[in-house]
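# Per-entry structural report
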Amino acid sequence: MIRKSVLPSVTARHSLGALAVAGLLAASVAAAPSASAAPERADVSVYVWATNVNVRNSYSSTCDNYPSRANCATVTRVSTTWVNAWCQTPGETINDSGYSSRWWTFLQAPDGTWGWVSNVYIRGEAHLSNVPDCA
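The notes below deal with the structure included here. (Residues numbered from 1 in each chain as written. Predicted model: local features only at pLDDT ≥ 70, side-chain atom pairs only at ≥ 80, totals over all residues. Heavy atoms only, no water.)

## Observations regarding the overall build of the protein chain
- The helix and strand tally for the protein chain stands at two helices and six strands.
- Written out in order from the N terminus, the α and β elements of the protein chain read α-β-β-α-β-β-β-β.
- Within the protein chain, the proportion of its 135 residues that are buried is 40%. (Helix = DSSP H or I, 4+ residues; strand = E, 2+ residues; numbered from the N terminus. Buried < 20%, exposed > 50% of the residue type's maximum accessible area, 1.4 Å probe, protein only.)

Given below as structure tokens:
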């Protein structure tokens, strides 16, 4: 499902913020991409609407291939905040607060930690239209 080669490396996490700022500056002077060019991954902001949401990652293919409470350990938590999303993939169906989704988004928490969050806790559809599927 998700290819490790397209995910940010553990050592690259700390420089992603600086790169994002540089990328925004470069994008402001670059020509717009063609409509037919589909990104392999996104770098878009999504809003986590709930509090104390588990961000899960085990840095293993088991977790990446099927994000779930059983396959992925909690590495940090996020609460009512905007985060950077990378891509999304199907995994364990989560039901909470009247919402249900089998989709999980790979994102960067405000503390710099990368991991999976169920789309149930992200504002938008069960399958987010602005975040590509993981390759």
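So that's the structure; there's more coming.
## Observations concerning the state of the cysteines
- Evaluated as defined, the whole model comprises two disulfides.
- Residue pairing for C63: its cysteine sulfur links by disulfide to C72, the two sulfurs lying 2.1 Å apart. Across the S-S bond of C63 and C72 the torsion is about 115 degrees, and the bridge reads as right-handed. Exposure class is identical for C63 and C72. Each is buried.
- Bonded cysteines in the protein chain are paired 1-2, 3-4 when counted in the order they occur along the chain. (Disulfide = S-S within 2.5 Å.)

## Topic: the packing of aromatic side chains
- Going through the model one piece at a time under the given rule, you end up with six aromatic pairs.
- Between Y47 and W82, the ring centres sit 5.2 Å apart and the planes meet at 55 degrees, which makes this aromatic pair tilted. One end of the pair, Y47, is in strand β1 (residues 44-48); the other, W82, is in strand β4 (residues 81-96), and 35 residues separate them in sequence.
- The exposure class assigned to W82 is exposed, which follows from its relative accessible area of 52%.
- Taken together, a centroid distance of 5.0 Å and an interplanar angle of 65 degrees make the contact between F106 and W116 edge-to-face. One end of the pair, F106, is in strand β5 (residues 99-108); the other, W116, is in strand β6 (residues 114-118), with ten residues separating them in the sequence.
- Given the relative accessible area of 0%, W116 is considered buried. (Phe/Tyr/Trp six-rings, centres within 6.5 Å; stacked < 30°, edge-to-face > 60°.)

## Regarding unusual backbone geometry
- For T80, which is not a glycine, the phi torsion comes out positive at approximately 30 degrees.
- Relative to the assigned elements, T80 resides in the loop between β3 (74-78) and β4.
- Judged by relative accessible area, which is 40%, T80 ranks as partly exposed.
- Unlike most non-glycine residues, S97 shows phi in positive territory, near 50 degrees.
- Of note, S97 is situated in the loop between β4 and β5.
- You can call S97 exposed: its relative accessible area is 51%.

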